[in-house]
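Overview (structure and organization)
The primary structure of each chain is shown beneath.
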Amino acid sequence: MSLFKARDWWSTVLGEKEEFDQGCLCVADVDNSGSGQDKVIVGSYMGYLRIFNPHPVKPGDEVQPEDLLLEVQLREPILQVEVGKFVSGTEGLHLAVLHCRKLCVYAVSGTLGNVEHGNQYQIKLMYEHNLQRTACNMTYGPFGGVKGRDLICIQSMDGMLMLFEQESYAFGRFLPGFLLPGPLTYSSRTDSFITVSSCQQVESYKYQVLAFATDADERQEQQKLSSGKRLAVDWVLNIGEQALDICVVSFNQGVSSVFVLGERNFFCLKDNGQIRFMKKLDYSPSCFIPYCSVQEGTINTLIGNHNKMLNVYQDVTLKWATQLPHIPVSVKVANFQDLKGVIVTLTDDGHLQCSYLGTDPSIFQAPKVDAREINYEEMNAEMKELQKIIREATKTQDILPESEKQRDLTVTAEVSPDLDAESQAIESEVKAEAVPSVTVKITVQSRVAVQKPSLAVCVQAPLAVTRDQFVFDDLEPDSSETVVLSVFLKGNCTPSELEGNCMVSYNIPTELNPEGIPRVAQCNFSLPLRLICFPCQPSKAANHKLTIDTNKPPVTFLTIFPDFVDPSEGDQANALGFLFLTDSKTTLLASKTSQRYRIQSDQLEDLWLITKELTRRLEEHFKKQNCKDFACTFSGSIPLQEYFELIDRHFELRLNAEKFQELLSERAVQFRAIERRLLTRFKDKTPAPLQHLDTLLEGTFREVIALADAAEENQANVFQAFTKLKSATHLVIMLISLWQKLSTDQVAILEATFLPLAEDTQELGWEETVDAAVSYLLRTCLSKSSKEQALTLSSQLCMPKDTSRLKKNITLFCDRLAKGGRLSLSTDLASQQAAVMPGGCATIPESDLEERTVILGSTAVFSSHGQITKQKSKHGLSENAAEEVKSHET
């Protein structure tokens, strides 16, 4: 048993199934006995009023009946009890009881008994006030500096302060900006009321300001009155949390402090609202009470919490912590017979306790343990059994990945070599006459018993599958499940990748875990090029051209593209045309004399898939011939300018989306404001003319619909632009890797830098993410001096104003790669690289629209055209977006 447990001096349980709260406890010499001995006054929500005069009892004895001076049942719930000088003509203490709709003031008196029954106590109603509003709490004090009497202020549930000068009602004032009532107290030093509003602010109101402000009953006529002042706050302090209680303490004439107990912090304020100190609490408090400290200049505070603890603080220093048997909702400090500073606590279910702090040792003696002989044979047998269980659990619950040969479940995907005879495409947006589909057969093979297997098939948009989710029954050992689905082009744009992914999630049951251990198995599959394009006549002219060099003689297209070349043409075909379903064309040319292949198209993004397919099929062809030194290279110019145009287009659509969102927000606010005005007109008993508000509402509604349609169309355009940007980015990454002969790890760094996002959103877009990644590489492995390495990057990613910084960084990135820079995430290699890099980077020369070839190993030439700037409309949108809005409005 802890020495720091609160010592029970006197305790009792009040009633049965009664409820109590913060204001239901008060300690004072309510019967004016003059002995300086406090009585404990308790009121309950059931309407019971009890007054106790505690006397010490021996441990184990019950409370004596004479300790209960008075118990009376009032007709209404008791919200708060206070003791003060509430009756005019006398300075004696009286009891104020606050009900929901009534304030009653009683006189408590006792009569000496002549028989063994003891003294008799009774209460006498001095006066009462019927309240027009539902009360919440109250405070009292010498408002306005009166002498010898206390006035009462009641706060209602709707924010009205009702002030009573003893037997008469004085005035009422509404608190400005009121929402919910908070704790209320009075500071006699500054003659002001202090409360905590629902805005989580401590607010102080002067009594004189309340007295001279406009009366609450006349607030509806404030516009007509020429006199009367508006209620203004004296000072405000934002504490950032709701307050549980507030208390003003003044133990000497010079210093007064305002204590506020928050949900997680404890504040001490000066009279002017400045923070004297605060204490962050690592528990949830329930109640508190400041009291006088023996050390001058400090104040002690008792804080109870929901862990049944009572902590004693001297300013912010924890001096003592004691354990309570219950969670207190109210705590007071009282003086009883021959004992001062008794802690009185009350719980919400009626446990009333008077305790003191101390370290009286508890008389406890541990019982003797029966001695028995140890059987070592049984212990060894038990140890072996436990070790066996541990070994079995370790084998069955291994969470590390196993090798492919020992996998419990495998998933394989088989793509049909031919397109479906009857297309399975559904709801496709492609405008082509026929949208082909290809069948994918997925097999799930289980080696052990498997629970709750489910299959998910994923392909990147604009590709789609006929069904993407499959749920199977539990699989037995050495069993399998097979599903068949079709993949087709759904969106009206060319995809950036022709790959898919299958993922199976399942549970493997064990002896210790019958529910099973979750596992995941997955596999990837590649889709045929014929799914998105078909052969056509090659075209001679094109806007964009790329040349791929190889170190082996050219291979006929009949060999590497048998699915696109007519067998009747034989080996003579050195030109091949690809017509995409989106009606764009790409041409592939093979040189008869050199070891080169040219890919050309009117759109830069359309070059990617054909270039990727060409290099992949060439590698597979020479691998079958056991040729290990085959390599592809690129010695042309990196098409950065055309790439930048795609970036600008994507970024422009993102800006349009932002503008559409702002306009939609403005129109929605306008629409709701008109609705409120119309609703006010319709609710009025004497309707006024609508003044064309209905016409304005209809016009605003049409604008909202038009803006929403335009925003939806712009969102589809953003998706298409991002898909094209990803295709062009894949192409640029491939060209850089072929140009600089990058390793697999360096290509992985390049892909992580330029393709960090699977989806593009307004909150986190491609431009700011790539700019941060490229800036990091320029500062580390591609830095040219230690000064650049010392630069710090911004830790926040936000949408930039334009793309000039991004394009400059990408150009500088390629320039430093051309001058010998190498990609690495190692800091040591980055520092060595900075020492090897040339001292300066020359400006990148401009080039013509045509492709130019440079010698291998030298600096690459990047195309740089003039920037095209589109005129903005008055809303900040481009001309295209503004025209879309106008078309929707019409």
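Structure's up top.
Note that the structure is a prediction, hence the values are computed from the model and not measured.

Digging into helix 10 (residues 804-818)
The first and last C-alpha atoms of helix 10 sit 21 Å apart over 15 residues, in line with the 21 Å expected at 1.5 Å per residue. The buried fraction of helix 10 amounts to 11 of the 15 residues, a majority that puts the element mostly inside the structure. Of the residues one or two after helix 10, Gly 820 is the one with positive phi, at around 105°.

Brief notes about the sheet that holds strand 3 (residues 39-43)
Read across the sheet, four strands follow the order 2-3-4-5 without closing on themselves; strand pairing throughout is antiparallel. Two strands in the sheet have a free side with no partner beyond their single neighbour: strand 2 (25-28) and strand 5 (68-73). Put simply, the sheet's adjacent strands are angled 15° from each other on average, direction ignored. Judged from the four bridges that link them, strand 2 and strand 3 form a sheet pairing that is antiparallel. Within strand 3, the residue paired with Leu 25 across the bridge is Val 42.

A look at the sheet that holds strand 36 (residues 517-526)
By definition, the strands of a sheet pair up through backbone hydrogen bonds, in either a parallel or an antiparallel sense. The strand order across the open sheet built from four strands is 33-31-35-36, with neighbouring strands paired in antiparallel fashion. Since the sheet does not close on itself, it has two edges, and those belong to strand 33 (469-471) and strand 36, each with one partner. Within this sheet the neighbouring strands show an average axis-to-axis angle of 15°, counted without direction. Pairing analysis gives seven bridges linking strand 31 (residues 451-459) to strand 35 (residues 499-508), with the strands arranged antiparallel. By the bridge assignment, Gln 451 is partnered in strand 35 with Asn 507.

Some points on the packing of aromatic side chains
For the structure shown, the criterion picks out 23 aromatic pairs. Consider the rings of Trp 9 and Phe 336, whose centres lie 5.6 Å apart with planes at 0°: the pair is stacked. Of the two residues, Trp 9 is situated in strand 1 (residues 7-13) and Phe 336 in strand 26 (residues 328-336); the sequence distance between them amounts to 327 residues. Overall, Trp 9 belongs to the buried group, its relative accessible area being 11%. With a centroid separation of 6.5 Å and 90° between ring planes, the pair formed by Tyr 643 and Trp 766 is classed as edge-to-face. Of this pair, Tyr 643 sits in helix 5 (residues 640-683) while Trp 766 sits in helix 8 (residues 766-779); the two residues are 123 residues apart in sequence, bridging distant segments of the chain.

Rules of the game
- The numbering scheme is per chain: residues are counted from 1 as the chain's sequence reads.
- With pLDDT at 70 or above as the cut-off, local features in this predicted model cover only qualifying residues; side-chain atom pairs require 80 or more to be listed or tallied, and sums for whole chains, interfaces and linings still use all residues.
- Side-chain calculation: all heavy atoms of the structure are included, whereas hydrogens and water are not.
- Each helix is a run of DSSP H or I of at least 4 residues and each strand a run of E of at least 2, with the numbering of both proceeding from the N terminus.
- In this analysis, the expected span of each helix is defined as 1.5 Å times one less than the number of residues it contains.
- Working definition: with a 1.4 Å probe on protein chains only, accessible area under 20% of the residue-type maximum means buried, over 50% means exposed, and in between means partly exposed.
- A pair of strands is treated as paired once DSSP finds two or more bridges between them.
- Note on geometry: axes are C-alpha line fits, over the in-contact stretch for helices, and angles between N-to-C directions span 0 to 180 degrees.
- Aromatic rings from Phe, Tyr and Trp, with only the six-membered ring used for Trp, were paired whenever their centres fell within 6.5 Å, and each pair was classed as stacked if the ring planes differed by under 30 degrees, edge-to-face if by over 60, and tilted otherwise.

Honestly, it's all geometry; don't read function into it.
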